[in-house]
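Below, each chain spelled out in residue letters.
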Amino acid sequence: DACKEIRDLLLHDKCLVSSLRKFEFNPKVGIDNPALSLAEDTGCLRGTAHGLCCHADGEGLGELRFYLLSKGSAETFGFCLHEELGCQGHIIRQVELGGLAQRRGMQDGDRLLQVNGHFVDDMDHCRVVQKIKASGNQVLLAVLDGDSYVTAKALGQDLSQMLPADIRPRLCHIVQDRSGFGFSVSGPEGMKGTFQLSVQQGGPAERAGVPAGSWLLELNGASVRSYSHTLFPIQLKQSGSKVTLLVASSAVEEFYRLRGLQVTAAVADTSWLPFKARELHLVKGPDGYGFLLKEDDCISGATGQFLWEVDAGLPAEQAGMKDGDRLLAVNGESVEGLDHHQTVLRIRAHDDQVALLVIDPAGDRFYHSVGL
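Residues numbered from 1 in each chain as written. Predicted model: local features only at pLDDT ≥ 70, side-chain atom pairs only at ≥ 80, totals over all residues. Heavy atoms only, no water.

What to know about the packing of aromatic side chains
And then number 1: By the definition in use, this model includes 7 aromatic pairs.
And then number 2: For the ring pair F275 and F366, a centre distance of 4.7 Å and an interplane angle of 25° mean the geometry is stacked. With F275 in the loop between α7 (250-258) and β14 (278-283) and F366 in helix α10 (residues 361-369), this residue pair connects regions lying 91 residues apart in the sequence.
And then number 3: Residue class for F275 comes out partly exposed when judged on its relative accessible area of 22%.
And then number 4: An angle of 75° between the planes, with centres 5.3 Å apart, marks the rings of F366 and Y367 as edge-to-face.
And then number 5: The exposure class assigned to Y367 is buried, which follows from its relative accessible area of 16%.
And then number 6: The rings of F66, F255 and Y256 are connected pair by pair, giving a single aromatic cluster.
And then number 7: Between K71 and the ring centre of F77, over which it is positioned, the NZ or CZ distance is 5.3 Å. (Phe/Tyr/Trp six-rings, centres within 6.5 Å; stacked < 30°, edge-to-face > 60°. Helix = DSSP H or I, 4+ residues; strand = E, 2+ residues; numbered from the N terminus. Buried < 20%, exposed > 50% of the residue type's maximum accessible area, 1.4 Å probe, protein only. Lys NZ or Arg CZ within 6 Å of the ring centre and 35° of its normal.)

Structural notes on helix α9 (residues 340-347)
And then number 1: Within α9 the residues assigned to the buried category are T343, V344 and I347. For α9, the arc enclosing every buried residue in end-on projection is 100°, short of the 170-degree limit, so these residues lie on one face. (Arc of directions from axis to C-beta.)

Quick look at the pairing of strand β17 (residues 326-330)
Two faces, one strand: in a regular strand the side chains alternate between the faces of the sheet.
And then number 1: Taking burial as the measure, the 5 residues of β17 include 5 buried ones, the bulk of the element.
And then number 2: Direction of pairing for strand β16 (residues 303-308) relative to β17: antiparallel, over a ladder of 2 bridges. By the bridge assignment for β17, Q305 is matched with L327.
And then number 3: The sheet contact formed by β17 and strand β19 (residues 353-359) spans 4 bridges and is antiparallel. For V330, the partnering residue across the bridge sits in β19 and is L356.
And then number 4: Where β17 lies against strand β18 (residues 333-334), 2 bridges are found, and the strand directions are antiparallel. Bridge assignment links A329 to a residue of β18, and that residue is S334. (Pairing = 2+ DSSP bridges.)

Read these as geometric descriptors, not functional statements.
Set out below in structure tokens:
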């Protein structure tokens, strides 16, 4: 009874203080990802993790909802994320009428709990915003309605326990050795696009992070749904000595299937990949940072900002900058879609130091090849 009384009081308490900070999603901010825009926009089906709908007083909380939002480069996700005085959590606000978020079912006051499989309720607000922006044109969100969120907090529930432990597929890059790629595929006779992986112990696939028994979803950035078991070996042979696989365990595959969501590389765990972006922290010296920023065409054909003429012994070189690195973000804010002048202003926003996220040409080519 005491818990119910506390909950009822909290549910009727309104947040009257205006927003401290808000973030409006800009389609020009974030990494372009046109290859992964969904042709079939499946939206969201509601689903619950085990035990989610029960709490101490026996009454039900609202269901945890998952949304896979996929937008075009000229669109927004259609909502703002607020941090408000007197209210807990990252709050969904200003859901655009007729926008992508509203069409999928997101509502004003929902609390954001997870971004691309990462629990964010305990994260700094700016960091959560950066995670969404870094997703580019596609993001997987888990939300709980505001009333249920307040109730769960009042009852001391651990919200992280309401979410599945790992709902991300895995992107793995395999380099062939004398024994081959170190995996084989099997599946139902005559059924296209269904490939389960057997992984050789200690072989290239296992070293690249491919879990035994996982399901193959993409080969070198292309879906395998239309591949027959006769066509697959031909496509694999055309990969040469290196291949990139998008794979999902049975549990992850079932999670997406039950919710009617398509698994894509945009939400994958990329920690096993050999190509990674680097964050460089530069402190300006008497002779400046020691590099030149140039605007040029990216591999994708879009315009990007590149780093050249890195001076020996100056802060840029000392931080690890290399000629030809492409600039992805400045102080945690993506520069995708910004022109040269706008990027320079971002770098100069702080007088004596800056954090730059960069990727080398080999990494840039690799991510483009798999549609990221």
